[in-house]
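# Chain and residue survey
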Amino acid sequence: MKILSRLFFQNNLFTGKILFVYLCLSPILLLGADLIFHSEHLEFEIFPERCEVTGYYTFRNDNRDPLQQTLIYPFPVQETLPFPASLSVTDSSGIPIAYERGANEIIFPVIVPGESCSTYKVCYTQPTPEHFMAYILNTTMRWHFPLTSAEFIIIAPGDIQIESISMSDYKVSRENDKTKYRIFRENFSTDKNLIIQWSLK
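Quick caveat: nothing in here was measured; it's all calculated off a predicted structure. (Residues numbered from 1 in each chain as written. Predicted model: local features only at pLDDT ≥ 70, side-chain atom pairs only at ≥ 80, totals over all residues. Heavy atoms only, no water.)

### Some thoughts on the sheet that holds strand β15 (residues 194–200)
Sheet architecture is open: three strands sit in the order β10-β15-β12, paired in antiparallel fashion. Across the chains shown, the open sheet's two edge strands, defined by having one partner strand only, are β10 (132–135) and β12 (160–165). Each neighbouring strand pair of the sheet contributes to a mean axis angle of 25°, computed without reference to strand direction. Two elements, β12 and β15, share five bridges in a ladder whose sense is antiparallel. Bridge pairing in β15 places Ile162 opposite Trp198. (Pairing = 2+ DSSP bridges. Helix = DSSP H or I, 4+ residues; strand = E, 2+ residues; numbered from the N terminus. Axes fitted to C-alpha atoms, helices over the stretch in contact; angles between N-to-C directions.)

Laid out in C-alpha cells, this is it:
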C-alpha cells in the first residue's frame with residue numbers, strides 16, 4: 001500500500017504532535033481539501049509519579065465525500081519521560097479504534113463523513129519520574145488554518161504543588177481537594193509546547 005506523506009515527521013522530542021499521511025485506498029482520499037484539525041480539548045490529571053491524559057480531537061471535512069486518513073500521534077519520549085504505560089483510542093461513538101505502536105508514536109485511521117465533524121478520544125498514562133510533563137503543540141504551525149479552539153485543563157490533587165505551566169493566562173479554580181488550571185485559546189496556533197512541572201507537598 002502506497003502512503004503519501006504530506007507533513008514531515010522526525011522521531012525525536014517535541015518535533016511533531018498530530019501529523020497526517022494519506023492512504024491511497026481510493027481516489028476520494030486524494031481529491032479536494034484535507035481534513036481540517038478543528039479543535040482539541042485536553043485534560044491532564046497530575047499524580048506524584050504519573051500523568052493521566054485525556055484528549056478529544058475534532059476533525060472537520062468540508063468535502064461532500066467522506067475522507068479517511070491515517071493519524072500519527074507521537075509522544076515526547078525521553079529518558080525522564082517514558083512511553084505511556086497504557087493508552088486507548090475511541091471514536092465519537094465510544095467504539096475502540098485499533099492502533100499500531102511505533103517507537104515513540106501510535107498510528108490509527110480517522111474517518112470523517114462528508115460535510116461533518118468527527119471527534120476522536122485518546123487516553124494515556126505517562127510515567128513522570130521527574131515530576132515533569134510535556135505535551136507537543138508546535139506542529140499546529142504546520143496546519144493550513146489555526147484551530148478554532150483549544151482548551152487545556154490541568155488537575156492537581158492536594159498533595160501536588162504546580163511549580164510552573166509554560167502557557168500563561170490560565171484561570172485557577174478549586175473543587176474539594178483538587179486545583180484546576182484552565183487554559184483556553186481561540187484561533188490557536190503556537191510554536192511552543194506545553195510544559196508542566198510540579199513538586200510534592
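### Let's talk about the pairing of β15
Relative to β15, β10 runs antiparallel, the two being bridged by four bridges. Looking at the pairing, Ala134 lines up with Ile195 of β15.

### Re unusual backbone geometry
The phi torsion at His131 lies on the positive side, around 55°, for a residue other than glycine. Inspection of the secondary structure assignment puts His131 in the loop between β9 (116–127) and β10.

### Quick notes on the sheet that holds strand β4 (residues 50–61)
As summarised here, the arrangement of the seven strands in space is β6-β9-β4-β3-β11-β14-β13, forming an open sheet in which the pairing is mixed. The outermost strands of the open sheet, each flanked by one partner alone, are β6 (86–90) and β13 (171–175). Strand-to-strand, the axes of this sheet are offset by a mean angle of 15°, without reference to chain direction.

### Points about the pattern of salt bridges
This model, assessed by the stated rule, comprises five salt bridges. Lys180 serves as the salt-bridge partner of Glu175, at 3.6 Å between the closest nitrogen and oxygen. (Salt bridge = Lys/Arg side-chain N within 4 Å of Asp/Glu carboxyl O.)

### Section: the environment of Lys121
Along the polypeptide, Lys121 turns up in strand β9. Each C-alpha atom of the pair Lys121 and Ile97 lies 9.6 Å from the other, and the pair is 24 residues apart in sequence. Non-local contacts of Lys121, meaning those with residues more than four positions away in its chain, are made with Thr54, Gly55, Tyr56, Ser88, Val89 and Thr90. (Contact = heavy atoms within 4.5 Å.)

### Side note on the environment of Phe59
Along the chain, Phe59 falls in strand β4. By relative accessible area, which is 0% here, Phe59 ends up buried. In the structure, Phe59 is positioned 59 residues away from Ser118 in sequence and 5.5 Å away in space, judged by C-alpha atoms. (Buried < 20%, exposed > 50% of the residue type's maximum accessible area, 1.4 Å probe, protein only.)

### Details of the packing of aromatic side chains
Inspection of every chain in the model, using the stated rule, returns 11 aromatic pairs. Ring centres of Tyr57 and Tyr73 lie 5.6 Å apart, and the angle between their planes is 80°; this geometry places the pair in the edge-to-face category. With Tyr57 in strand β4 and Tyr73 in strand β5 (residues 67–74), the pair connects residues that are 16 residues apart, well separated along the chain. In this structure, Tyr57 and Tyr73 share a single accessibility class: buried. Taking the centre distance of 6.3 Å and the plane angle of 35° together, the rings of Phe108 and Tyr120 count as tilted. (Phe/Tyr/Trp six-rings, centres within 6.5 Å; stacked < 30°, edge-to-face > 60°.)

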